[in-house]
Amino acid sequence: MAQRAHGANENMTPENSGGYDFVVVSNRLPVDHVIADDGSSTWQHSPGGLVTALEPVMRAADGAWVGWAGQPDLEFKPFVSDGIHIVPVTLSSDEVENYYEGFSNDTLWPLYHDVIAPPSYHREWWESYVLVNQRFADAAAAVSAAGAVVWVQDYQLQLVPKMLRTARPDLTIGFFNHIPFPPYGIYSQLPWRTQIVEGLLGADVIGFQRVADASNFSRAVRRLVGYVTKNPYIEVPGTEVPASEPNDQGQRQPPRRVLAKAFPISIDSSSFEELARRPEIQARAKEIRDGLGNPKTIMLGVDRLDYTKGIGHRLKAYGELLAEGRLDVEDVTLVQVASPSRERVQAYMQLRDEIELTVGRINGDFATMSHTAISYHHHGYPREEMVALYLAADVMLVTALRDGMNLVAKEYVASRFDGNGVLVLSEFAGASDELRRSLRINPHDIDGVKDAMIQAIEMPQLEQQRRMRAMRKLVLRNDVNQWSADFLSALRGSKNGDSVKDSEDPLGELEWTIERIRRH
Ligand code: GDG
C-alpha cells in the first residue's frame, strides 16, 4: 500500500524508514540545512512558531517528520536529529519560487490575513503548489505504517489531506491551520477556492486557531461544495473514485464526518518560566536595561519582519507620543526585534525599507546623546536572549493587524514569573481570545494604541500583578502539550467505532502518547 516518494531519497523505502505510526508533515523541517560562505554545511535547529510548538510532541511520540530542509535542489537521506526521525523532501529552485515564495507567501499568506497586502494570483504558481503538495503526500504515504496517524501542518499543504486519503484510506489524517481562515467574502477571491476546500476535507479533523476561523471555513464549505455542516461537524458525502487501470474496479469512499474546530495553539510554557528563573538570564535582563541607560520604562516588540504584525502602526503611535511630549526618551525606550523573514519576496523588501526609514526618522528626531528612542534589531536571537528581553520589558507590544495566534504574547506571559509587566495585545491576534486581561487594542485606532501605551506605562504594580496572574494561570495550564493532546484526542475520537484491523494499533499507541503528553 505504501508508495515510493517522488522527491525523497531513492534509498528510502517503508521498510528502512521504519513505517512510522505517527507522522508530522510540514513545509519546513525542524532543522535547516545551512551552507556557510566557505561551502561547508551543517544542520541547524530552526526557530519559529510551528517548530517551537511541535518539538515536544514529536519527542514524546517517537514519530517521523516530513518536510523541506530549506535549501533548493538538494536531496538528503532520512536521518535522526535530537530524537526526531527526519524525512527530507526535495524542492527545486523553481518550486521554491513558485510554490513557496509565490503561492504560499504571496497568494495565500496575504489572502488569509485579510488582504493587508494585495495577493497575487498566477496559474503557474498554483500548478507548482499542486505538484509539490502531491510530493509531500507521496513522501508521507511512503513512511506511514498501516493505520498510522498523520498530522499535516499549515497553509502550504492544504491539498495534502485529500491526496493522502486517496492514496492511503487506512490513515487517520489531521490538519492544523496556523494562520487565520478568512471570511468568505475575502476567501472567494481565490481562483482555486473549491480545490483547497476539498483538499482540506480529506482530513478527519481540521484544526483552526479561533472559533471564527472554523466558522469561516464551514461557511466556505457550504457555499462552495454545498455539504451539510452541523457545527462543529461537516458531513462529506461518499464518492466514487474512477478506476485508473482497465481492470481496476475503482474505489468508493464512504461518507465521512469531518470535525472542523478551534484548537488554540500554545507554547512550552514551563520551559519559558524555567529559563526566566535562571540567575544568568536575570543578570542578562539587568545588563540589557543598563545598556539602554536604565530608562524608567522599556517597551518591547518581537516579531518576524512581516506586514501582518503591525510594526508600522506601533511605531507611528510611539512617534506621535514622543512628538506630543506625552513620552520622553529619557524615560522610555522601545526595543524592536524584527527577525529577518521571506527576504526574497518583494512585499517584505518594501516593508523592511519602510520600517527602517521610520525607525531612522524617529531616532533622528527624538534620540538624545544618552538615550535612543528605538533600539532596533534586524536579527534572530537565541531563545535565552529572547527571555532576557521579556524579563527586561515593562510593556510588551503585540499590535498585529491579523495573526493566527501570536506565540510571542504567550511567551511574554509565561516568562513573567515575577507577575510584573503589561501586555498590550491586538484583538486581531488569536491570543486575544484567551488573554483577556491584557490591554486589548485595535491597532488601526492609533489614538487607542497611544492611550493603551500610556495606560500600560502608568499601570500600578498591583493591577499589573492581578492581570498577569490571571493570564499566567491560563498560559501555564493551556500549554502546547495540552494543545497537541486535545488535537490528538479529537483525532482519536474521529475514529471511534471504526474497527482497527490488526494487533498493531496506531490509534491505541496514539492514545498512550496523549496520556504521556498530558502527564509531561
Ligand atoms: C505562525 C502564525 C501562530 C521570533 N524571532 C525569534 C524567535 N522568534 C520566535 C518567537 C515565537 C515564534 O518565533 C513566532 O511565532 P508567532 O506566533 O509570533 O508568529 P509566526 O512566526 O507568524 O507564526 C502565528 C504560529 O504560527 C503558531 O501557530 O501563532 O499566528 O503566523 O515563538 O519567540 N525565536 C528566537 N529568536 C528570534 O530572533 N529564538
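Details of the structure are given in the entry above.
Residues numbered from 1 in each chain as written. Predicted model: local features only at pLDDT ≥ 70, side-chain atom pairs only at ≥ 80, totals over all residues. Heavy atoms only, no water.

### Looking at the overall build of the protein
What counts here: Every helix listed is a DSSP run of H or I at least four residues long, and every strand listed is a run of E at least two residues long, numbered separately from the N terminus. Here the term buried applies to any residue with accessible area under 20% of the maximum for its type, exposed to any over 50%, and partly exposed to those in between, with areas from a 1.4 Å probe on protein chains only. Contacts are residue-level and defined by heavy atoms, with any inter-residue pair within 4.5 Å sufficient. Areas reported as accessible are Shrake-Rupley estimates using a 1.4 Å probe. Residue values count occlusion only from the protein chains shown.
Each helix and strand counted, the protein has 18 helices and 20 strands in total. Counting the 520 residues in the protein, one finds 57% classified as buried. Expressed as a percentage of contacts within the protein between residues at least 6 apart in sequence, the contacts between residues at least 24 apart total 74%. When the accessible surface of the protein is split by element, carbon and sulfur atoms take 48% of a total near 21,500 Å².

### Re the sheet that holds strand S7 (residues 144-153)
As a reminder, the rule being used: DSSP calls a pair of strands paired once it identifies at least 2 bridges connecting them. With axes taken as lines fitted to C-alpha atoms, and helix axes fitted only over the stretch in contact, angles between N-to-C directions fall between 0 and 180 degrees.
One open sheet holds the 10 strands; their spatial order is S5-S6-S4-S1-S7-S8-S9-S14-S11-S10, and the pairing between them is mixed. Strand pairing shows two members of the sheet lacking a second neighbour, strand S5 (79-81) and strand S10 (228-230), which therefore form its edges. Each adjacent strand pair in this sheet contributes to an overall mean axis angle of 25°, direction not counted. The pairing of S5 with strand S6 (residues 84-89) spans 3 bridges and is classified as antiparallel. Along S6, the bridge assignment pairs Phe-79 with Ile-86.

### Structural notes on helix H9 (residues 269-277)
All buried positions along H9 are accounted for by Ser-269, Ser-271, Phe-272, Glu-273, Leu-275 and Ala-276. As for H9, its buried residues are in contact with helix H10 (279-291), helix H13 (383-392), helix H14 (407-415) and helix H16 (461-477).

### Notes on the packing of aromatic side chains
To describe a pair of aromatic rings, one takes the distance between the centres and the angle between the planes. We apply this condition: Stacked, edge-to-face and tilted are the three classes for Phe, Tyr and Trp ring pairs, Trp counted by its six-membered ring, which pair at centre distances within 6.5 Å; planes under 30 degrees apart are stacked, over 60 edge-to-face, the rest tilted.
If you walk through the whole model with that rule in mind, you get 24 aromatic pairs. Look at Trp-68 and Tyr-100: their rings are 5.5 Å apart centre to centre, the planes differ by 65°, and that puts the pair in the edge-to-face class. Pair noted here: Trp-68 is in strand S4 (residues 64-68) and Tyr-100 is in helix H3 (residues 93-112), with a separation of 32 residues, a long-range link. Here Trp-68 matches Tyr-100 in class, with each residue buried. Considering the side-chain rings of Phe-181 and Tyr-187, the 4.8 Å spacing of their centres and the 40° angle between planes classify their relative orientation as tilted. Across this residue pair, the class does not change: Phe-181 and Tyr-187 are buried. These aromatic residues form a ring-pair network of at least three members: Tyr-99, Phe-103, Trp-126, Tyr-129, Phe-136 and Trp-192.

### Some points on the site of the ligand
How we decide: Throughout, the term near means that a residue has one or more heavy atoms lying within 4 Å of the molecule or strand in question. We call two N or O atoms a polar contact when they sit within 3.5 Å, provided that within protein one can donate a hydrogen and the other can accept it, with sequence-adjacent residues counted only if both atoms are side-chain atoms.
As a structural note, the neighbourhood of the ligand is formed by 24 residues, with His-178, Tyr-381, Asp-403, Leu-407 and Glu-411 the closest of them. Between Gly-404 and the ligand, the recorded distance is 3.0 Å, taken from a backbone N or O atom to an oxygen atom. Relative to its free-state accessible area of 730 Å², the ligand is covered by the protein chains to the extent of 91%. If you list the elements that add at least two residues to the shell around the ligand, you get helix H2 (49-61), H13 and H14.

### Here's the deal with helix H12 (residues 346-366)
Heads up, the condition is: Helix span, as expected, comes to 1.5 Å for every residue beyond the first. The directions considered for the arc are those from the helix axis to the C-beta atoms.
Taking 1.5 Å of rise per residue, 21 residues should cover 30 Å, and H12 covers 31 Å from first to last C-alpha, within 8% of that figure. Taken as a whole, H12 has its buried residues at Tyr-348, Leu-351, Ile-355, Val-359 and Ile-362. In an axial view of H12, the angular spread of the buried residues amounts to 65°, which keeps them on one side of the axis. Seen from the buried face of H12, the exposed residues on the opposite side, beyond 90 degrees, are Gln-346, Asp-353, Arg-361, Gly-364 and Asp-365.

### Focus: the pattern of salt bridges
Quick note on the threshold: Any Lys or Arg side-chain nitrogen found within 4 Å of a carboxyl oxygen on Asp or Glu counts as a salt bridge.
Throughout the structure, instances matching the rule amount to 32 salt bridges. Residue Glu-343 is joined to Arg-352 by a salt bridge in which the shortest nitrogen-to-oxygen separation is 3.9 Å. A relative accessible area of 45% places Glu-343 in the partly exposed class. Judged by relative accessible area, Arg-352 falls into the partly exposed class, the value being 31%.

### Some thoughts on the environment of Thr-368
In this fold, Thr-368 is placed in the loop between H12 and strand S17 (374-377). As for Thr-368 and Glu-330, which are separated by 38 residues in sequence, their C-alpha atoms are 8.0 Å apart. Residues in contact with Thr-368, not counting those within four places in the same chain, are Val-329 and Glu-330. Separated by 3.2 Å, the side chains of Thr-368 and Glu-330 make a polar contact.

### Notes on the sheet that holds strand S20 (residues 439-441)
The sheet built from 6 strands is open, its strands ordered S17-S16-S15-S18-S19-S20 with parallel pairing. Each edge of the open sheet carries a strand with a single partner, namely S17 and S20. Pairs of neighbouring strands in the sheet enclose a mean axial angle of 20°, with direction left out of account. Bridge analysis of strand S15 (residues 297-304) against strand S16 (residues 332-339) gives 8 bridges, and the strand direction is parallel. The residue bridging Gly-301 from the neighbouring strand is Gln-336, located in S16. Strands S15, strand S18 (395-398) and strand S19 (422-426) of the sheet are contacted by H14, whose axis makes an angle of about 165° with S19.

### A word on the environment of Ile-374
Along the polypeptide, Ile-374 turns up in strand S17. Ile-374 sits in the buried class, given a relative accessible area of 3%. A C-alpha to C-alpha distance of 7.6 Å links Ile-374 and Ile-362, two positions 12 residues apart in sequence. With sequence-adjacent residues up to four places away left out, Ile-374 is seen in contact with Leu-315, Tyr-318, Leu-334, Gln-336, Val-359, Ile-362 and Asn-363.

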